[in-house]
Amino acid sequence: EEDIKQGTNPRDLKLRLAKEIVSLYHGKEAGEAAEHAFIETFSQGKVPENIQTIHTEAGKMLVDVIVSVGAATSKTDARRKIEQGGVEINGKKVELWSQLIETEHDGAVVKVGKKDFFRIAF
């Protein structure tokens, strides 16, 4: 409470608390690694290093792939995320919910929301 009264950003306090909890249960190195990954992913907008690779075929609808990886609970949820601008392929927003996975997407990184990432492979 004192830190907040002195003007410390609550996000910084949450980050410190999370690091301490991870360090307590998994060791100091794991805590520092988690902090580093959080800063890179959420503060700097970088793609995490160890993302899941999804093997699919060309012509499949993106909404189906999003649901299959668990980044959406249903096709309707995936469609809503796309329509609200929450889905990107290689940093470019997907504008059509009917987007198909094409051969040019081989190796592409898909971002759904703030924290779900996966790579497309054929």
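Description of the structure in this document.

Rules used in this analysis
Numbering of residues begins from 1 in every chain and follows the order in which that chain's sequence is written. For this predicted model, a pLDDT threshold of at least 70 governs which residues receive local features, and a threshold of 80 or more governs which side-chain atom pairs are given and counted, while totals over whole chains, interfaces and linings are taken from all residues. Hydrogens are left out, water is left out, and the side-chain values use all remaining heavy atoms of the structure. Any two strands with at least two DSSP bridges between them are considered paired. What counts as a helix is a DSSP run of H or I of at least four residues, what counts as a strand is a run of E of at least two, and both are numbered from the N terminus. Burial classes: relative accessible area under 20% of the type maximum marks a residue as buried, over 50% as exposed, and values in between as partly exposed (1.4 Å probe, protein chains only). Throughout, a contact is declared for two residues whenever any of their heavy atoms are within 4.5 Å. Think of it this way: a Phe, Tyr or Trp ring, Trp meaning its six-membered ring, pairs with another when their centres are within 6.5 Å, and the plane angle makes it stacked under 30 degrees, edge-to-face over 60, tilted otherwise. Whether a charge lies above a ring is judged from NZ of Lys or CZ of Arg, which has to be within 6 Å of the ring centre and within 35 degrees of the ring normal. The criterion is simple. A nonpolar core is a set of buried Ala, Val, Leu, Ile, Met, Phe, Trp, Tyr and Cys residues joined through side-chain atoms within 4.5 Å. Lines fitted to the C-alpha atoms define the axes, with helices restricted to the stretch that makes contact. Angles between their N-to-C directions range from 0 to 180 degrees. Here a crossing is taken to be left-handed if its near helix is turned anticlockwise relative to the far helix by less than a right angle, and right-handed if that turn runs clockwise. For this classification, Asp, Glu, Lys and Arg are treated as charged, while Ala, Val, Leu, Ile, Met, Phe, Trp, Tyr, Cys and Pro are nonpolar and the rest, including Gly, are polar.

A word on the pairing of strand E4 (residues 109–112). Pairing of strand E2 (residues 87–89) with E4, which is carried by 3 bridges, proceeds in the antiparallel orientation. In the strand pairing of E4, Ile 89 is matched with Val 110. Both E4 and strand E5 (residues 116–121) contribute to a ladder of 4 bridges, which runs antiparallel. From the neighbouring strand, Val 109 faces E5, where its bridge partner is Arg 119. In this structure, the hairpin formed by E4 and E5 is closed by a connection of 3 residues, where Gly 113 is found at a positive phi of approximately 70°.

In this section: the side chain of His 105. Note that His 105 resides in the loop between strand E3 (92–93) and E4. When its relative accessible area of 9% is taken as the criterion, His 105 is described as buried. Among all residues touching His 105, those that are not within four sequence positions of it are Ile 89, Gln 99, Leu 100, Ile 120 and Phe 122.

With that settled, the discussion passes to the sheet that holds E2. Across the sheet, which stays open at both edges, the 5 strands sit in the order E1-E5-E4-E2-E3 with mixed pairing between neighbours. Of all strands in the sheet, those bounded by a partner on one side alone are strand E1 (52–55) and E3.

A few words now on the environment of Gly 45. If you trace the backbone, Gly 45 turns up in the loop between helix H3 (28–43) and E1. The class for Gly 45 is exposed, based on a relative accessible area of 52%. Along the backbone, Gly 45 and Gly 91 are 46 residues apart, and their C-alpha atoms lie at a distance of 9.9 Å.

Summed over all chains, the structure comprises 0 aromatic pairs. The side chain of Arg 79 reaches across the aromatic face of Trp 97, ending 4.1 Å from its centre.

All right, on to the nonpolar core then. Soluble, globular proteins show a tendency: their nonpolar side chains are buried together. In terms of nonpolar packing, the biggest core is built from 18 residues, with Leu 62, Ile 66, Ile 82, Val 87, Val 110, Val 112 and Phe 118 touching the most fellow members. If you list the elements that add at least two residues to this core, you get helix H4 (62–68), helix H5 (75–83), E2, E4 and E5. It is H4 that contributes the most residues to this core, 4 residues altogether.

Right, let's get into the packing of helix H2 (residues 10–26) against H3. H3 packs onto H2 with a crossing angle of 145° between their chain directions and a minimal axis gap of 7 Å. Where H2 crosses over H3, the handedness of that crossing is right-handed. In this structure, H2 contributes Arg 11, Leu 15, Lys 19, Val 22, Ser 23 and His 26 to the contact, and H3 contributes Lys 28, Ala 30, Gly 31, Glu 32, Ala 34, Glu 35, Phe 38, Ile 39 and Ser 43. For the contact of H2 with H3, the residue count by class is 6 nonpolar, 4 polar and 5 charged.

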